[in-house]
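Each chain, written out:
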Amino acid sequence: MGKARNRFRAEQRGTIKLLEGALTLRNRFFSRLALRRGFRRARRWALWLLALLPFAALLWWGAGYVLDKAYSMSLDKVVYESRRGLISKQQALELLGLKSSVNLASIRVGDMEQLLENNPCIEYAHIRADLPDTLSIELEERVPIAYAEPESATDTGTRHRLFMDPKGVLFPVVEAYHRDFMGVPVWYLQPGDVTEFREGAVVNERARRPIVELIAAANNYTLREIPAIREIFRPKEWKIILTLDDGTEVLMQVYDIKGQMERLAMVLEHARATGRRIRSADVIPRLNPAVIYAEQPDKPEP
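Residues numbered from 1 in each chain as written. Predicted model: local features only at pLDDT ≥ 70, side-chain atom pairs only at ≥ 80, totals over all residues. Heavy atoms only, no water.

## Some thoughts on the environment of Asp133
Line of reasoning, step 1. With respect to the helices and strands, the residue Asp133 is situated in the loop between strand 2 (122–130) and strand 3 (134–141).
Line of reasoning, step 2. According to the relative accessible area criterion, Asp133 is partly exposed, its value standing at 22%.
Line of reasoning, step 3. Linking Asp133 and Lys77, residues 56 residues apart in sequence, is a C-alpha distance of 6.2 Å. (Helix = DSSP H or I, 4+ residues; strand = E, 2+ residues; numbered from the N terminus. Buried < 20%, exposed > 50% of the residue type's maximum accessible area, 1.4 Å probe, protein only.)

Printed below as a string of structure tokens:
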């Protein structure tokens with residue numbers, strides 16, 4: 001029965017369409033049947049739009065959320081720590097090529113650490129990205145204790161100096177970082193002290209050990225007690241010759257550095273007390289270091 005009724009309605013629908021086709025366009029547009037059909041279609045589309053509206057709103061909100069998150073992850077804050085205080089925050093950012101417009105999620109901290117540690121002036125670097133907008137940078141610079149220069153350069157005239165840190169690592173002189181260390185002494189290296197004189201090379205431990213001890217011991221005295229060391233020579237395995245800032249030449253050996261520095265401070269104090277200037281001093285003897293004053297001939301005074 002239901003199938004027969006549906007077939008009858010389908011046949012009627014076809015007949016109605018034929019009758020409508022025979023009407024003029026004006027009559028067809030303003031016919032009640034056409035209006036009802038138009039309203040039904042409009043209502044159907046309205047229902048579809050209403051059903052899709054929440055999904056469109058959700059999509060719009062999601063896109064806005066993603067864009068907002070992406071914007072909020074742009075680099076906004078840099079926490080910086082320099083253990084030696086030689087390289088400033090701005091200088092570190094310039095080395096990394098970082099700008100505030102960088103998206104934090106795109107930063108590869110491992111590559112950035114490697115970039116900093118490839119700089120010979122930097123011993124260690126650690127970088128951490130703290131989402132959503134903070135980058136933490138920690139680094140430790142190499143501290144210069146002396147210039148290193150091949151002794152042969154004084155004869156050839158081709159002079160090139162590098163800094164040396166307490167571990168014997170050679171690195172470039174960068175005045176922007178090392179302005180407070182430009183007055184450190186110059187150590188003239190002998191052949192064999194370093195395999196190759198270049199940035200990043202390491203002076204062998206046997207050669208550098210007494211020099212590092214010497215500089216550390218000298219730092220325990222004021223410049224009035226012992227003037228700054230200007231040059232350091234090591235012409236023999238056991239021998240060290242210093243030239244002080246006032247022109248005094250000092251003969252030392254590689255053993256008992258601390259005791260020899262104490263004797264040097266003592267003879268300099270004696271010279272000041274007597275109003276004389278020392279031209280040279282041999283502080284190797286534990287008793288009665290040999291001293292030549294500027295006002296006397298080259299015979300040492302016990």
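## Details of the confidence of the model for the chain
Line of reasoning, step 1. Per-residue pLDDT for the chain averages 83, and the proportion of residues at 70 or more is 74%.
Line of reasoning, step 2. Across residues 63–70 the pLDDT falls below 50, and counting only partners more than four positions away or on other chains, this stretch makes one contact in the model. (pLDDT = per-residue confidence, 0-100. Contact = heavy atoms within 4.5 Å.)

## A short note on the nonpolar core
Line of reasoning, step 1. Grouped together as the largest cluster of nonpolar side chains are 38 residues, with contacts concentrated most on Leu214, Ile232, Ile240 and Met261.
Line of reasoning, step 2. The element best represented in this core is helix 9 (residues 257–273), accounting for seven residues. (Core = buried A, V, L, I, M, F, W, Y, C linked by side-chain atoms within 4.5 Å.)

## A look at the pairing of strand 11 (residues 278–282)
Line of reasoning, step 1. As paired strands, strand 10 (residues 249–253) and strand 11 are joined by three bridges and run parallel to one another. By the bridge assignment, Val250 is partnered in strand 11 with Ala281.
Line of reasoning, step 2. In this sheet, strand 12 (residues 290–293) lies alongside strand 11 in antiparallel orientation, the contact comprising four bridges. Bridged to Ile278 within strand 12 is Tyr293. (Pairing = 2+ DSSP bridges.)

## A look at a nonpolar patch on the surface
Line of reasoning, step 1. A surface patch of nonpolar side chains, amounting to about 330 Å² of accessible area, comprises Leu47, Leu50 and Leu53.
Line of reasoning, step 2. Mapped onto the elements, Leu50 comes out in helix 3 (residues 32–72).
Line of reasoning, step 3. For Leu50, a relative accessible area of 58% puts it in the exposed group. (Patch = residues over 30% accessible without salt bridge, like charges linked within 9 Å, V, L, I, M, F, W, Y side chains within 5 Å. Areas by Shrake-Rupley, 256 points an atom, 1.4 Å probe, with all protein chains shown as cover. Salt bridge = Lys/Arg side-chain N within 4 Å of Asp/Glu carboxyl O.)

## Regarding the packing of helix 4 (residues 89–96) against helix 5 (residues 109–117)
Line of reasoning, step 1. Closest axis-to-axis distance for the helix 4/helix 5 pair is 10 Å, and the angle between their directions is 110 degrees. If you check the angle between helix 4 and helix 5, you find them roughly perpendicular. For the pair helix 4 and helix 5, the contacting residues are Ala92, Leu95 and Leu96 in the first and Met112, Leu115 and Leu116 in the second.
Line of reasoning, step 2. For the contact of helix 4 with helix 5, the residue count by class is six nonpolar, no polar and no charged. (Axes fitted to C-alpha atoms, helices over the stretch in contact; angles between N-to-C directions. Parallel < 35°, antiparallel > 145°, perpendicular 65-115°, else oblique. Nonpolar A, V, L, I, M, F, W, Y, C, P; charged D, E, K, R; others polar.)

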